[in-house]
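What the coordinates show
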Amino acid sequence: PSVVEYPDNFNADLAVVGPKAKNSHTYRVVRSVKSLMGKKEFLENGNVISDKTPAQVSARILKCLTQKCKIEGDMTDVVVAVPASFPPAAMNATKEAMQLAGINITGDHPVIISEPLAVMYSIWEKKILGDIDDDVISFDKDENILVFDIGGGTTDVAIFSLKKNDNILEMFKN
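Residues numbered from 1 in each chain as written. Predicted model: local features only at pLDDT ≥ 70, side-chain atom pairs only at ≥ 80, totals over all residues. Heavy atoms only, no water.

1. Some details on the environment of Val157
What counts, and what does not: Under the scheme used here, helices are H or I runs from DSSP no shorter than 4 residues and strands are E runs no shorter than 2 residues, and both carry numbers assigned from the N terminus. It only takes one pair of heavy atoms within 4.5 Å for two residues to be counted as in contact.
Residue placement: Val157 occurs in strand β7 (residues 155-165). Separated by 11 residues in the primary sequence, Val157 and Leu146 place their C-alpha atoms 7.2 Å from one another. Ignoring sequence-local partners within four residues, the contact set of Val157 consists of Leu146, Val147 and Phe148.

So, in structure tokens, the structure goes:
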């Protein structure tokens, strides 16, 4: 879970991320930080935790994820999926969090896409690999696909129109 608990001595490097933090009942826990991304205000409990902005808390979560995945060295070509309703300020805060977490965001990186689009790419890949049968989805004809992405705090719904054009599949979000 995207929950962070800060230790009594406020050493952010010792912050606890995940289930242990989720089950904590102290006042030094930050929950639902994704919904605060892009807001200018400091965190409500910023006087008792060392991180003061949603981007800083999100960076703790990203650092934890990269450590758990045992990712070492520079991370480039990063793709991040965010709620479809994320405004530009939240996207910028996400980029800031990535930078604070040590994720390389120079040049054209990172690629930030909506969660429903990430679902479509996953379906596309699974279809190409043969993990999805033709009776479920066929990319051989024009189709509309309704994607529901039900997350921990957001629900995104999108319609994608797939068009076959000279053996090239085109995807349009409606």
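Now that the structure has been shown, the text picks up again.
2. Considering the environment of Asp8
Within the secondary structure, Asp8 is located in the loop between β1 (4-5) and β2 (16-17). A sequence separation of 20 residues divides Asp8 from Arg28, and the C-alpha atoms of the two residues are 8.2 Å apart.

3. Overview of the packing of helix α2 (residues 54-68) against helix α3 (residues 88-100)
Rules: Between the N-to-C directions of two axes lies an angle of 0 to 180 degrees, each axis being a line fitted to C-alpha atoms and, for a helix, fitted only over the stretch in contact. Under this scheme an angle from 65 to 115 degrees is roughly perpendicular, one under 35 degrees roughly parallel, and one over 145 degrees roughly antiparallel; angles in between are oblique. The hand of a helix crossing depends on one turn: near helix anticlockwise from the far one by less than a right angle means left-handed, and clockwise means right-handed. In this classification, Asp, Glu, Lys and Arg are treated as charged, Ala, Val, Leu, Ile, Met, Phe, Trp, Tyr, Cys and Pro as nonpolar, and every other residue, Gly included, as polar.
Between α2 and α3, the least distance of the axes is 8 Å, while the angle of their chain directions is 50 degrees. Here α2 lies oblique to α3, going by the angle between them. Where α2 crosses over α3, the handedness of that crossing is right-handed. Contacts from Ala55, Gln56, Ser58, Ala59, Leu62 and Lys63 in α2 reach Ala93, Glu96, Ala97, Met98 and Leu100 in α3. Looking at the contact of α2 with α3 residue by residue, the class counts come to 7 nonpolar, 2 polar and 2 charged.

4. As for helix α4 (residues 115-128)
Owing to its 3.6 residues per turn, the α-helix brings residues three or four apart onto one side. Threshold: By definition here, a helix of n residues has an expected span of 1.5 Å times n minus one. Only protein chains enter the area calculation, which uses a 1.4 Å probe; residues under 20% of their type maximum are buried, those over 50% are exposed, and those in between are partly exposed.
Between its terminal C-alpha atoms α4 stretches 20 Å, which fits the 20 Å expected from 14 residues at 1.5 Å a residue. Among the residues making up α4, those that are buried are Glu115, Pro116, Leu117, Met120, Ile123 and Lys127. The first or second residue beyond α4 is Gly130, which carries a positive phi of 85 degrees.

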